Amino acid sequence: MEPTDTSHPDYYHRVVDCQWACPAHTDVPEYIRLIAQGRFTDAYMVNRESNVFPGILGRVCDRPCEPACRRGRIEQKPVAICRLKRVAADHREDVASRLPKVPLVKNGKRIACIGAGCASLTVANDLLPLGYQVTMFEQYGEPGGLMRTNIPSFRLPQPVLSEEIGMITGLGVDLRLNSPVTSLRALLAQGFDAVFVGSGAPHGKDLELPGRDAAAANIHIGIAWLESVAFGHVDSVGKRVLIIGVGNTAMDCCRTSLRLGAESVKVMARKPRGFFKASDWELEDAEEESVEIVVNRSPREFVVENGRLTGMRFERMEYELDASGRITAERVVGEEFLPADDVILAIGQENAFPWIERDLGIEFDKWDVPVVDPRTFQSTRPGVYFGGDAAFGPKNIIWAVEHGHQAAISIHRHCERQPVSERLPPGMNLHSRKMGMHEWSYANDYSPVERRLMPHVSLKERFKKLNIEVELGFTAEQVEQEVQRCLNCDVQTVFVAKLCIECDACLDICPVDCLTITANGPEAELRARLKAPARNLAQPLYVSAALPQTGRVMVKDEDLCVHCGLCAERCPTAAWDMQKSQLHWPHAEDEARALEARKT
C-alpha cells in the first residue's frame, strides 16, 4: 500500500468520528475536556462556535455524533455527548461579554430572513458581526420556529429556548413578529441585498381515508396540533387517543396527549420496530410513560357513528425480510378495530411555498419545491437562499444550524460580488501535547465505567403540569465519571518513520494490539498479517513510510486504537508523539477575513 498521507485533513476526519459526523462539526473532545476541568463556561463557548444553541441541542438534538463515537466500538454505549452539551449550558456563567461583537458602523448591506427558526437565527448570528443589517420576518408572535411550536415544553423549557434565541436577536436583529411574508416579489422589491428562506416544512401530511371528512372534528394534523398546544389554543384531548405514525413528532404527540388528560394512548406503526423513524431514546421515554406502540397495522378507515368518530379500522400486516433486514414481501392477514376519541396524524411534513411567485427565476422540481444547491444553499435565482427544513425537508435542528452557517458564507460572498461556489476548504492543525520526556497534557487513563443514565422526574410528578421538564440533567458531580469515558479521539498518534529503530516496544505495550510492523504489500495481504484481526474493513489502515532499518512499514488499525498514548510513552526515540488534531470548518467570519486579506 501507499503510505498514508497524515498531512491531509481527511485522515483525521476519519479518526475524530464524532466531530466529523456532526453536521456542524462541533469539537466534541475539546469541550468534554473543559467540562472535566469544571470550565463549563469555556465549554459552552467552544460548543456555541459551531452549534449556536448548546442548551437547546443539549436537550433535543438527534445526536448524529453518538452513533459515530468510538466508545461504542468497545461497549456499544457511546459517550453521552448530547447531554454533556446541556451540562455546560446548565452550569455556565453569564456569557454576554463573550458573544460576537457587532460593529456600530454597518457595511450598508441589508439581508432579509423569512422565518425566525434555527436556520435563520444562525444566518443572523454569523452575519451581524460582519456589519450586516438583518431583518427577520416571523409569522407568529414569538421567534423560534418549530423549536417553539413543535417541541413540547416538557422536553425543551421555554426559558432555555428564549434565552438562547435572545443571545442572537439581542445582537441587533430587526425582528418583525406577526409578519408573515405573503409575496416574495413584494419582499424583493424592498431592495434587500439577499434573502434567506428559513420557513421550515410547516404542513403536516393528511391521511385521506373513508370517514375522514365526517370525523374531521376529532382528527388532528400532528405538527398543527402541537402548535395549538404550545400557544394555549388546545388544553384537552379525548380519553382514548390513537397516534398514526412513529417518528419523533409522533412521540411528542403521544406524550403530550397524556399530559392533556388522555388515559389510553396507542402509537400505530405500519411496519416492524426496526423501521421506526423515531430515535431510540424517544421511544424509550414514551414507553416508560405507558404509551403502547402497536406494530404492523395499516390504517384502513375512520369509523364514524352518529356523526362522531368512534375509532379506526386497521389491516394487520405481515412482512418477509431478507438477511439484511429489508422487506421483500408484505401481505394482509386480517383486520382490527381500535376505539378512539381523537386521532392525531404524525405521518410526515411537507414544504409549502404558495407565497413564492413562479416567475421570479426560482426553479421548482417535480415535487414543487425549490431547486437548491446542496453546498451553497443558493436557489436558481442568485441572492435567494434556502436552509433548514425549507431547503431539503424535515431533518433536525443541528442540520438547520449548519445550513445557516453555509448559507451565511454564500450570502457574504454574494454581497462581495464573489462566486458563491468558491469557499475556503476545511482546515486541520496538529499540536503536540508533549509536556516532558514522557508526559502529555491530556488524561489517557481508560475508564471502564458504563454510560451514566439521565435522571428523570418521577412518573407521579411529571404529569401534574404540561411544562415540567422530564429530564433533570446531570449535576456537576454526576458528570465527573461520564467525561472520563471519552477516548480523546482528537489526540492522535503521530508517527515519524525515520526515527523508528524497530525495537518493538510500542508493539509490546499496546493494550489492543493495533500496531504491526511488517513488509509492505497490497491491502488484503497487510490485513492478513495484522497482529489483531481487523474487524472494521471500512476503517482505512495507517501505513507508514519505509522504516530505515529493514524497509518494513508500521501499520496501525485505527479502528482498534484507544488513543491511550502508551506507544508514545514507551518509544525511546520519540518516533511516536501524541498530537491534537484541530478541525476548523470555516464560517462567514473566516471568509470575510480571507477576502479582506486578498484585497490588502
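The structure contained in this document is the topic of the report that follows. Computed from a predicted structure; not experimentally measured. (Residues numbered from 1 in each chain as written. Predicted model: local features only at pLDDT ≥ 70, side-chain atom pairs only at ≥ 80, totals over all residues. Heavy atoms only, no water.)

Our focus in this paragraph is the state of the cysteines. One pass over the structure, following the stated rule, counts 0 disulfides. The structure places no disulfide on cysteine 61, whose sulfur is separated from the nearest cysteine sulfur, that of cysteine 82, by 5.3 Å. The thiol sulfur of cysteine 510 is not disulfide-bonded, and the nearest other cysteine sulfur, from cysteine 514, lies at 3.6 Å. Given a relative accessible area of 11%, cysteine 510 falls into the buried group. (Disulfide = S-S within 2.5 Å. Buried < 20%, exposed > 50% of the residue type's maximum accessible area, 1.4 Å probe, protein only.)

Next up on the list: the pattern of salt bridges. The final tally for this structure, using the stated rule, is 52 salt bridges. In this structure, glutamate 469 and arginine 59 form a salt bridge, with 2.7 Å as the shortest nitrogen-oxygen distance. You can see glutamate 469 sitting in the loop between α17 (459-462) and α18 (479-483) and its partner arginine 59 sitting in helix α5 (residues 54-60), a full 410 residues away along the chain. Assessed through its relative accessible area of 16%, glutamate 469 is described here as buried. According to the relative accessible area criterion, arginine 59 is buried, its value standing at 8%. (Salt bridge = Lys/Arg side-chain N within 4 Å of Asp/Glu carboxyl O. Helix = DSSP H or I, 4+ residues; strand = E, 2+ residues; numbered from the N terminus.)

For helix α22 (residues 588-599), with 12 residues, the first-to-last C-alpha span of 17 Å sits near the 16 Å given by 1.5 Å per residue. Residues Ala588, Asp590, Glu591, Ala592 and Leu595 constitute the buried set of α22. Each element contacted by the buried residues of α22 is listed here: α8 (118-127), α16 (397-415) and β23 (576-584). (Expected span 1.5 Å × (residues − 1). Contact = heavy atoms within 4.5 Å.)

The next thing to look at is the sheet that holds strand β12 (residues 327-339). Reading across the sheet, the 3 strands line up as β10-β11-β12 and stay open at both edges, with antiparallel pairing between neighbours. Each of the sheet's edge strands pairs with one partner strand only, and the pair in question is β10 (297-305) and β12. Averaged over neighbouring strand pairs, the angle between their axes works out to 20° when direction is ignored. Pairing analysis gives 8 bridges linking β10 to strand β11 (residues 308-321), with the strands arranged antiparallel. (Pairing = 2+ DSSP bridges. Axes fitted to C-alpha atoms, helices over the stretch in contact; angles between N-to-C directions.)

Here the focus is the side chain of aspartate 341. Positionally, aspartate 341 belongs in the loop between β12 and β13 (342-345). Relative accessible area serves as the criterion here: at 18%, aspartate 341 is assigned to the buried category. At 3.3 Å, the side chain of aspartate 341 and the backbone nitrogen of lysine 239 are in polar contact. Excluding its chain neighbours within four sequence positions, the residues that come into contact with aspartate 341 are Asn218, Gly238, Lys239, Arg240 and Leu309. (Polar contact = N/O pair within 3.5 Å; in protein donor to acceptor, adjacent residues only side chain to side chain.)

A separate point is helix α13 (residues 248-259). The end-to-end C-alpha distance of α13, which contains 12 residues, comes to 17 Å, matching closely the 16 Å that a straight helix rising 1.5 Å per residue would cover. With respect to burial, α13 is a largely interior element, 10 of its 12 residues being buried. For α13, the complete set of buried residues consists of Ala250, Met251, Asp252, Cys253, Cys254, Arg255, Thr256, Ser257, Leu258 and Arg259. Here the buried face of α13 lies against α12 (222-230), β7 (240-244), β8 (264-268), α14 (280-288), β13 and α17.

On the basis of which strands lie adjacent, the open sheet formed by 5 strands has the order β3-β2-β1-β4-β15 and parallel pairing. Taken across any chain shown, the strands that pair with only one partner, and hence form the sheet edges, are β3 (174-176) and β15 (384-386). Taken pair by pair, the neighbouring strands of this sheet meet at an average axis angle of 20°, ignoring direction. Along the sheet, α16 contacts β1 (110-114), β4 (194-197) and β15; its crossing angle with β4, the most-contacted strand, is approximately 165°.

Counting buried positions over the 5 residues of β7 gives 4, a clear majority of the element. In terms of strand pairing, β7 meets β8 through 5 bridges, oriented parallel. The partner of isoleucine 243 across the bridge, within β8, is valine 267. Crossover connection from β7 via α13 to parallel β8: handedness right-handed. Note that β7 and β13 share 4 bridges and pair parallel. In the strand pairing of β13, isoleucine 244 is matched with leucine 345. (Right-handed = clockwise from strand over helix to strand, strands pointing away.)

Another aspect to go through is the packing of aromatic side chains. In this structure the tally under the stated criterion is 7 aromatic pairs. For the pair phenylalanine 377 and phenylalanine 392, a centre-to-centre distance of 5.9 Å together with 65° between the ring planes defines the contact as edge-to-face. Of this pair, phenylalanine 377 sits in the loop between β14 (349-350) and β15 while phenylalanine 392 sits in helix α15 (residues 389-392), placing them 15 residues apart in sequence. Residue phenylalanine 377 is classed as buried on the basis of its relative accessible area, which comes to 5%. The interplanar angle of 50° and the centroid separation of 4.6 Å between the aromatic rings of phenylalanine 495 and tryptophan 576 together place this pair among those described as tilted. Of this pair, phenylalanine 495 sits in strand β19 (residues 491-495) while tryptophan 576 is found in strand β23, placing the two residues 81 residues apart along the sequence. Accessibility classification places phenylalanine 495 together with tryptophan 576 in one group, the buried group. An aromatic cluster is defined as three or more aromatic residues linked by ring pairs; in this entry it consists of Phe353, Trp355 and Phe386. Here the basic side chain of arginine 358 rests over the ring of phenylalanine 364, its NZ or CZ set 3.7 Å away from the ring centre. (Phe/Tyr/Trp six-rings, centres within 6.5 Å; stacked < 30°, edge-to-face > 60°. Lys NZ or Arg CZ within 6 Å of the ring centre and 35° of its normal.)

Honestly, it's all geometry; don't read function into it.
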